[in-house]
Every structure is written in C-alpha cells, then in structure tokens.
4 protein chains.
Amino acid sequence: MVTDMKKMNFVLIGGDLRQVYLTRLLAEDGHTAAIFGAEKAETDGVQLLSDLSALENADCVLLPLPLFGNGELNMPLSEKKVTMSDILRRIKPSVPILGGKIPSSTADMAKLHGFTLIDYLEREELAVANAVPTAEGACALAMEELPITLSDAKTLVVGFGRCGEILAHRLAALGCDVTVSARKYSDFAWIEAYGYKHIPTSDIASYGGSFDVVFNTVPALVLDETALRSLRRDCLVIDLASKPGGVDFDTAAKLGVCVIWALSLPGKLSPLSSGRIIRDTVYNILDEIG
Amino acid sequence: MVTDMKKMNFVLIGGDLRQVYLTRLLAEDGHTAAIFGAEKAETDGVQLLSDLSALENADCVLLPLPLFGNGELNMPLSEKKVTMSDILRRIKPSVPILGGKIPSSTADMAKLHGFTLIDYLEREELAVANAVPTAEGACALAMEELPITLSDAKTLVVGFGRCGEILAHRLAALGCDVTVSARKYSDFAWIEAYGYKHIPTSDIASYGGSFDVVFNTVPALVLDETALRSLRRDCLVIDLASKPGGVDFDTAAKLGVCVIWALSLPGKLSPLSSGRIIRDTVYNILDEIG
Amino acid sequence: MVTDMKKMNFVLIGGDLRQVYLTRLLAEDGHTAAIFGAEKAETDGVQLLSDLSALENADCVLLPLPLFGNGELNMPLSEKKVTMSDILRRIKPSVPILGGKIPSSTADMAKLHGFTLIDYLEREELAVANAVPTAEGACALAMEELPITLSDAKTLVVGFGRCGEILAHRLAALGCDVTVSARKYSDFAWIEAYGYKHIPTSDIASYGGSFDVVFNTVPALVLDETALRSLRRDCLVIDLASKPGGVDFDTAAKLGVCVIWALSLPGKLSPLSSGRIIRDTVYNILDEIG
Amino acid sequence: MVTDMKKMNFVLIGGDLRQVYLTRLLAEDGHTAAIFGAEKAETDGVQLLSDLSALENADCVLLPLPLFGNGELNMPLSEKKVTMSDILRRIKPSVPILGGKIPSSTADMAKLHGFTLIDYLEREELAVANAVPTAEGACALAMEELPITLSDAKTLVVGFGRCGEILAHRLAALGCDVTVSARKYSDFAWIEAYGYKHIPTSDIASYGGSFDVVFNTVPALVLDETALRSLRRDCLVIDLASKPGGVDFDTAAKLGVCVIWALSLPGKLSPLSSGRIIRDTVYNILDEIG
C-alpha cells in the first residue's frame, strides 16, 4: 500500500475489462485517470477519452495486457485502432510507459527513440498475485464440470510453482484429497509441510488411475500419451499452463480424455481483482523508478 | 459404511441424474440395481428397465427426490408416466419404499393399503451431507458472478444452520472475510470459535453496505426492503433457501439488486456426490428397520 | 457485543486468575469493578477490596467458578474466608448474583431468602466458548508430550460434542490425520462434511492400534479395558472429560498406557481469554434479565 | 520415499534423542543400524554399540547434529568420548560420512585424508522439513506463555522465509490474526495470497503496539530498541532465529519485554519427527551419490 504517493495523471489505452476497472481504481485513489479505447464496456464512473490528446499531459501511460493481439494494439472493447507510434509521438520520453507482455522488438524500438517501456507481467509480485484468481477460477471450473463435489474429489496438481502452490492450498481448504507432483526434494518437503501428498512429475503414469481431476500448471509436455493413458476415462484434465500448454491435446482427444485448456482466468473471471493486482504492481514500479 | 450388508435387489423409479448414479453405486456395492424411467440419461453401466415387472422381486424400492413434480411422479429423464398405484400394486407390503419429499396424503394413502413409505429427505444425516454440495455450488456461483475473487470478497452468510455453517467454513477456507448473521448467543459463540465475525440477523441493515456478496440460508423473509436498501448496488445476493426463499424478490428487482435464487444445487452441480449421499442414507434406513 | 450497556457497579468475590482478569475487563469497559479475595495475584490495574462493604452498593455480584471448593467459597488467591451468608446479608435481593457451578441446595437456600443466583456455567454460549481454550490446551499438551509433531500424528477424538468438534477442527488445521468417534448418523455426516474420518464410539477397539494420541471428550467410560488394550504402548491418552472422566484409569496404569487427565484447561492456560468469555456471558445474562 | 533402496549397514555415533530415533527408524526400514554413544537414553528396540569396531563394516556413518559441542564430538547421551580420528581410522574412504553443521576445517581435514563428509544440515529439504516442528514448537510455547488463546491473539511473524511461512500458516489455522513482516514486494504478494496482513520489516515500530505476541525468524537485529519500545509491556517475543538471534536482548531486559529465545525446538519437542526428517534426507543424499 503506497499511501503517501503523489497524485498523478494516468492515461490508459485499450485492454480488456481489467484496464477499465484499473482506471476506476486509480481514480478512487485520488489520481486523474482516463481510458481511451474501451467504449464498448459498461463504464460507470470511468472517464472515457474520445481521442489521444490527453497523452500530452500524462504522467504515466498504461498499455494493455497483453500489449498486442493479432499484431495490433490489443483493444477488444473498442472499434478504434491505435498504433505504438500514435502513442509515442504524443508523450515526453521521460514519461513511464507500462504494459504487459511487451515483445522485445517493441521495447527495443521504443528505446531507440528514447522511451522506456516497462513490462509489468515480468514482475514477480504480479505473477504471484495472479495465481490467486487463477487458482479460484480452476476450482470454479472443476466444481462445474465434475459430477462430484471437490470435497469428494481426488486431485492431482502437476507442478509446485506459484500457481501450483496456491491451487493446492485452495483445493485442500475445500476438502479435496490433494496430491502434488514435483521434481525436487525440497519441493517434496514443502508439499509435506502443507499436508499434501506428493509424487514425482516423471511418474504420473503410475498413479494416474486414482484421480478425479488433474490440474496442470507446467508449460511443458508433462501429460504425454503415457500419462494420459493412465487416467480414468471420467477424469477431467484442466490445463492452466500458458502456451504451449502441458497436455498432448491430440492424444487426449483420441483417448476420450476431457481436457479444458483454461487460459487467462484472472481477466475472465475476476477482472476487478485483476485490476487491483495491476494497480498495486504499477504503484510498486513507480515507487522504484521514483 | 455398512460393509457387511446383505446383498439386495433394488428397483428405482424415475428421478433425475442422482437416481441414475445411485443405481450405478448400488450395483458397484454388489447389489442388484436397475432403474425404470431414465432412458434419456447417459447410462453407461447402469441397468435400465423397460417395464415395471422387476418390482415383483424387489427387496427395496427407491422413488425420486422429490417424489412428485407437477402432480405426477417425477421422471424428468423419461417420456413415460407412472403412478403410485402402478408401483404399489406390484410389490409386497413388506418391501420398504423410500422416496424424497413424500406428501403426507400419499404416505397416508399408502399406509391404508399396508405399505410403509419412508422419506429420506427427513433424515438429519442427509440434510447435513447435502449442505456440502450446496455450499460448494454457492461458492462456484459467486466465483463466476462476482468480478472479484472470493479471497478479495467480504461476505455475509445469513443463518447458521447446517447450510450456513458449512458454507461459512468453505468461504473462510477460500480466504473470504466472513460474517455470519444469527439470533442466538450460543450461535454467536460457535461463529467466534470458528473465527468468523457475527451480527444479529435482525440488524443486517446496519451492516449491509460493507458486503460484496450475501448468501441467505434462512427460509423466511430476512432480506426485506430495509435490508436490501442497505446493500451496495454491486452487491450480489445468492438465496439458497427453499421456498418461499428469504428475499423480497420484487423489491430487489425495483432496487436493482442482483439476486440469484439457487435451488437444488446438489442435484444440478454434483449429481454423483448426491447419489452417494442418498445411498448412504438408504443404507442407514435399511440398517435401522433391519 | 453489548456496546450500549449502562455502566454498572460490579463486585467480585474470590475465584482464580480468571476473576482477576474479569475485574480488569469490566473496568476497561467503563464499569466500576473491584474484587475481594484475590490479594495473592498480580493485579496491575485491578481494584482490590479489603472488606465486603462495597457489596452494599453493588449492582451485580460475581461469584467464582466453581462457586465452592472443598466445601468453602472458592478463593484460591486469598488467605481470607467468606461464606454465602456474609455476602447475602450485605446485598439487596434485587441485585443479580452470578456464579459458576452453583449447587442446587445453595440456589434453593438463596431463593428462600429472596435472592436469585444465576449459574453462568449452564449457559450454552459459555460452554461453546470454553471449548476453544480447552481445544488449544489439548493441542499444546499433545505437542509437548508426543515425540512427534501433530502434523505427523494420527489422532482420535472421542465424541463430537462442543469440545470434540472444536478440537477436531484445530487438529485438522495443524495438519493432523483426524478420526472422530461418534454414535449418530448425523454426527457422521458432520464429521465427513468437515473432512475428518469417523468410527463408531462403540468400536474404538477395532481401530485403536493406529493412533498416536487419543483425546477423550465424553464423560462416561468409553476408554474401557478393551479399548485401552487396543492402543499401542506409545499412544498418549488425553482425557478432557469432567468427572468421572472417560478412561478406566486403573487399567490404563496396569497396561502402561500413559493417560493425562487434563481438567480446567481454560482457567489454567488462558485465564484472560476465559475472563473475556465469562464477561460476555455476564453481559448476555444481564441483557436478558433486563 | 525411497522404497526400493538396497539394505545397508548404518553406524551412528553420538547425538541427541533424534539420532536414537533415527537408529530405530533405519532398522524398521530393514537396514542394519546401531548407535554408539547413547547409553543414557531409553532405547527400546535400538541396538547399542559398546565400542567402535562396527565401523569397519559400515556402509554409511551418521554423525550428530550438530557435529561438535564445546569443541568435542557431540554426545550428550553418553559418558564416553570419541574423536574424529577414532572414527576415520576405522572406516574405508569410500564410505559416506554424514553429519550436521560440519565446520569447514573439519571437512577440509577429512578431505585431505580422502574422506568425504557431507553436511545434511545444508540440504534445502531438511531446512524446509525442520520448519514444521519449529513452527509447532513456537505455537506450543505461545499457548503456554500467553494468558490468552492463540485464537484471541494478534500475532506478528517477522520474516517470510521457510520458518516464517510455515509458522504463519499454522497460526492462521489456529485462528490467530496474523501479520507478517517482509521486505520484498513478491513476499507481500505471497503473504496476501495466503490471507495474512503484511508490514515492512523496517517499519515494525509503527505497528508494534497492536501485537500480543511477536515471533522472529530473521537472524539479524530486526527487533532493535525502536521496535522493542513500540511493543506493549504484556507482549511476548519468541525468537526462533539461530545465533546471533534477532532481538536486542539487553534492551528488551531493560524495557521489561519478555523474550524467549527458543533454539533447537525440533530436537527438543519432536525428536521422533526430527529423526524421520534426517532419515529422509540421508536417503536422498545416498540416492544422489548413487
């Protein structure tokens, strides 16, 4: 909580509902904040911009997460189009520009022109905080899709990174029987300390038949044909890993194993909480660059 | 777990997916079990009956929950129709007949003819066990409908009966800030012992503005106009109480308060777990009548 | 929380550290409060009385819990002695007199003289609230006495009343493997809903060999010779039941089973929390009698 | 769990109760295991050695944790004395020798003679696993020393390393109000994800007055005079950090702040669990060195 922060003029461009909520949250904190390129959202109490002229007086510019979609600046809530050049030519080089998933080519190009783009998706605290809505979304999905309650379910969480750790905690809290797969002895010690069972990720196939639902958090092919074959036919697989995912989707389809590839749960299920997470990270970044 | 139970011949009639799963579960325990009136369900490994003749050799007859819908025997998974007379005239009076939500007129009529209908919905253990899928379903609903995570949410649970107690436990486990409303000092002591906050149910209006979501479990008008007016406009109300519910729905609509009346969550979201709950209760009843 | 209560003049007589803390807590709430018969305690900020004259202006008199010890008014923190007559003859009959574990003969005698003694130990909310320090004390005992951590321990809680329920919750929270014994199907359903295992209290002997520690909460002989013989020699038994306890102590000694009869844990381990619990109950009683 | 491990001949020398339990645990797993220098312990079912001759056939030698005490090999459960030379001259250089807290000079000396000493205290999985008995012991201490229950207590955990993280989890599970102090934004995100409050470690003094108990896990002077002055006089400080600890002990004494420096809780309170932790780590080491 940066409570004694000086009040700033934020201009936001594009993005999904998270950015709209972010605009409102910044204003609630006493800042000036307005968004361009979100006219299709319900925007009670959010100041919409009709053009980019406000950029000239911006103290900080907030770009979408992810920055680009289909090669263009990501503005799913708008009919308009904007390019990086449209933005950069209106702002002073000293103004911090923050965005998510910024391609290195874009960052390089901006740097060449004297601008500094900061990628908030690379911040550890944002990654940790995002694991919470991801874990909740995964629980919600499993509750809906399984014919049993989670408290009746035997679950496997593949991977004990940020997302695996928070997810295992929430599942256990809901009464699940939780097994976590990992690779390192120290991860096994953590898993035991939290009261879950553990198996080696390389040996999922030996235990697969006992699970009602498998959550993957590892972005590498861990649920390969051997692992998939070991699962019961009524086992649900929820893949939370970003591209390329962790499941051999073709083989799963052939075997009749139901797989849900659940990407971007924070933005979809909890856009307001996600907006708060981005706000906190933006404040941290601004505090550091001072 | 009644592990040394003698093997029986169960005949099931109608009902929803819970009864289909119940048929399978009984068979998995080594009993003979078959269902009439569920031909529209996917019934892998479940024995379907094409007529009622199996009733003549039944050791126990299991009727739906609820027994009747729109005045007829409740068979949502079938095009067929069956009456209580069709059933009773085929079975011996000594055979136990179990169903859910049996009208007293039906029980009386059966008794007159020498039959004993037992209502498993009146069993305390079934009511307690059903609170688990209800609580999970309520969590899943809130996760989907709210723009924030439950771990970010301030929640009010109205009532500390079976459903309120289990729901509060699950919400707290997910990281919610949980307040429970109740009437009795001893309930307040329980609520504190579990670490939740408490307010008097009669005084919800004094605290209403601080909640992101309100779950009602009391089947009486507790969320009246005064209480509803105290809520924030973006507060979600989930009513879990059976008819007549606990919300003044008309006033809520006028005030623009979003209310979801979530009935029958166990059957809808967790039919297999619900089937297990009915099975356990059936075994308990049979054990007691002996 | 009775926040708008009128300020009163409380006089306390005797009792242990709980009553001393109670005196302080009442004063902190803005009441006048002083105690007679606690001169051996450290009493920072607590007003001590040197005689009983203050009783004449008391609005409420608070007697110890338990009222009597060894046939005399219970004053372990004093060299002085006081009788019920000493007290009653100084107060007006309309003044409420509250104490704990009041023998019916004493209550009858007082009634004969126009006084009303109210036993706060009979209040359900006090019994529930007291289960919390009892459960914590039981955990602390087990942590100290066992050579293993509770997170490593297989535990049996005998009985699912107030104390059993709270204890099972705390043990599970600490990572124990928790089994609860009970008698009723509905208790089994609660136990499952909270995620513990269950066994019938009548059948402890069939499972006894698997536990590292057994907590008894039932004040009847449930841990008889058969049950005790089933336990491993290194199993610890902690009996939380009030007299006559729930363990065949003689047989346990003969078998070499280590039993700790842990009575009055709230007063011993958490006198300040216990004082708060009594204060809340006193307020509730005063609120009800108006 | 290394279940298919080949059976070995373990010789243990000295150490406290943990090593005695470790000897028993190795034998229970089917290995040959005997201990020299523990004759003062109760050693039911543990094979004691009367001299060091068994070293000649050892497949693995297990030395104490810590290796030395007061400059001598650490054998608190024996009247005998042994030197490293006594040991090394009896074993083959190829035999793995494992001990805890091995001074680098000792390791160097051994290496010079062709022996490899492995320090199991440097293993991450042992450090993580040891945090569990440490956290439990800290809870037990607080339960005993505070006049309130933990569920009534406002607690501060200083530091969010292994020990701080597990301790915060256990305290929250017991119903505490938990605040954790840390330095990094990402730690703050973890702390929030688990539902605790957070403050900067550098700013403890601003919040000190609100805590009933402070647990320090940081081995650096974090509870300095300023921080100590901010605490209430009835606040308990439990220092879990190894030497030099994290508290200005002299100032605490002057201010009248009660500080307990609780070192080596695992060995003292949970020697059997600690023995299991060492066993698991020994197996991991042997598995890795092949």
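Just so you know, these numbers come straight off a predicted model, no measurement behind them. (Residues numbered from 1 in each chain as written. Chains lettered and ligands numbered in written order. Predicted model: local features only at pLDDT ≥ 70, side-chain atom pairs only at ≥ 80, totals over all residues. Heavy atoms only, no water.)

Caption draft 1: Spotlight on helix α1 (residues 17-28) of chain A. All names here are of chain A. The terminal C-alpha atoms of α1, which comprises 12 residues, lie 17 Å apart, in line with the 16 Å expected from a rise of 1.5 Å per residue. Looking at α1, one finds that the buried residues are Arg18, Gln19, Val20, Tyr21, Leu22, Thr23, Leu25 and Leu26. The inward-facing, buried residues of α1 abut β1 (9-13), β2 (32-36), β3 (47-49), β4 (60-62), α9 (265-269) and α10 (271-289). Looking one or two places after α1, you find Gly30, whose phi comes out positive at around 100°. (Helix = DSSP H or I, 4+ residues; strand = E, 2+ residues; numbered from the N terminus. Expected span 1.5 Å × (residues − 1). Buried < 20%, exposed > 50% of the residue type's maximum accessible area, 1.4 Å probe, protein only. Contact = heavy atoms within 4.5 Å.)

Caption draft 2: Structural context of the domain arrangement of chain A. Domain parsing of chain A yields domain 1 (9-122) and domain 2 (131-267). Distance between the C-alpha centres of domain 1 of chain A and domain 2 of chain A: 35 Å. (Domains from an automatic or database assignment.)

Caption draft 3: A look at the sheet that holds strand β12 (residues 213-216) of chain A. Residue and element names in this part refer to chain A. Taken together, the six strands give an open sheet; going across it, the order is β11-β10-β9-β12-β13-β14, and neighbouring strands pair in parallel fashion. Unpaired on one side and paired on the other, β11 (197-200) and β14 (258-261) mark the two borders of the sheet. The sheet shows a mean angle of 20° between the axes of neighbouring strands, taken without regard to direction. Strands β12, β13 (236-239) and β14 of the sheet are contacted by helix α4 (residues 124-145), whose axis makes an angle of about 155° with β13. Where helix α6 (residues 185-193) meets the sheet, it contacts β10 (177-182) and β11, and its direction lies at approximately 160° from that of β11. (Pairing = 2+ DSSP bridges. Axes fitted to C-alpha atoms, helices over the stretch in contact; angles between N-to-C directions.)

Caption draft 4: Here's a closer look at the packing of helix α4 (residues 124-145) of chain B against helix α5 (residues 162-173) of chain B. Residue and element names in this part refer to chain B. Put simply, α4 and α5 touch, their axes get as near as 8 Å, and they point 40° apart. Relative to α5, α4 is oriented oblique. Judged by the sense of rotation from one axis to the other, the crossing of α4 with α5 is right-handed. Together, Glu124, Ala127, Val128, Ala131, Val132, Thr134, Ala135, Ala138 and Cys139 of α4 and Arg162, Cys163, Ile166, Leu167, Arg170 and Leu171 of α5 make up the contact between the two elements. (Parallel < 35°, antiparallel > 145°, perpendicular 65-115°, else oblique. Left-handed = near helix turned anticlockwise from the far one by under 90°.)

Caption draft 5: Main features of the sheet that holds strand β13 (residues 236-239) of chain D. Residue and element names in this part refer to chain D. Overall, parallel pairing links the six strands, which are arranged β11-β10-β9-β12-β13-β14 in an open sheet. Each of the sheet's edge strands pairs with one partner strand only, and the pair in question is β11 (197-200) and β14 (258-261). On average, each strand axis in the sheet is tilted by 20° relative to the strand beside it, whichever way the strands run. Bridge analysis of strand β10 (residues 177-182) against β11 gives four bridges, and the strand direction is parallel. Bridged to Val180 within β11 is His198. Packing of helix α6 (residues 185-193) onto the sheet brings it into contact with β10 and β11, and relative to β11 it is tilted by some 160°.

Caption draft 6: Representation of the confidence of the model for chain A. Taken residue by residue, chain A gives an average pLDDT of 95. The fraction at 70 or more is 99%. Two summary scores accompany this predicted model of the complex, namely pTM at 0.95 and ipTM at 0.94. (pLDDT = per-residue confidence, 0-100.)

Caption draft 7: Region of the structure containing the relation of the copies chain A and chain B. For these two chains of identical sequence, chain A goes onto chain B by a turn of 180° and a shift of 0.0 Å along the axis, with RMSD 0.0 Å. The operation mapping one copy onto its partner corresponds to a two-fold rotation axis. Mapped onto chain B, 100% of the interface residues of chain A are again interface residues, and the two copies thus contact each other with one and the same surface. (Least-squares fit on C-alpha atoms with pLDDT ≥ 70 in both.)

Caption draft 8: Expanded view of the interface of chain C and chain B. Across the contact, 22 residues belong to chain C and 22 residues belong to chain B. Taken over both partners, the interface formed by chain C and chain B buries close to 2,000 Å², and the fraction arising from carbon and sulfur atoms is 65%. Considering only the side of chain C, the residues that lose the most area to chain B are Tyr185, Trp190 and Tyr194 of chain C, jointly responsible for 33% of the buried surface there. On the surface where chain C and chain B come into contact, there are zero salt bridges. Among the secondary structure elements, those contributing two or more residues to the side of chain C that touches chain B are α4 (124-145), α5 (162-173), α6 (185-193) and α10 (271-289) of chain C. Taken together, the residues that form the side of chain C that touches chain B break down as 10 nonpolar, four polar and eight charged. (Buried area = accessible area lost by both parts, 1.4 Å probe. Salt bridge = Lys/Arg side-chain N within 4 Å of Asp/Glu carboxyl O. Nonpolar A, V, L, I, M, F, W, Y, C, P; charged D, E, K, R; others polar.)

Caption draft 9: A look at the pairing of strand β2 (residues 32-36) of chain C. Residues and elements named next belong to chain C. With four of five residues buried, β2 is to be regarded as a mostly interior element. The pairing of strand β1 (residues 9-13) with β2 spans five bridges and is classified as parallel. Paired with Ile13 across the bridge in β2 is Phe36. Regarding the hand of the β-α-β motif, the stretch spanning β1, helix α1 (residues 17-28) and β2 is right-handed. Across three bridges, the pairing between β2 and strand β3 (residues 47-49) is parallel. Across the sheet, the residue bridging to Ala34 is Gln47, located in β3. (Right-handed = clockwise from strand over helix to strand, strands pointing away.)

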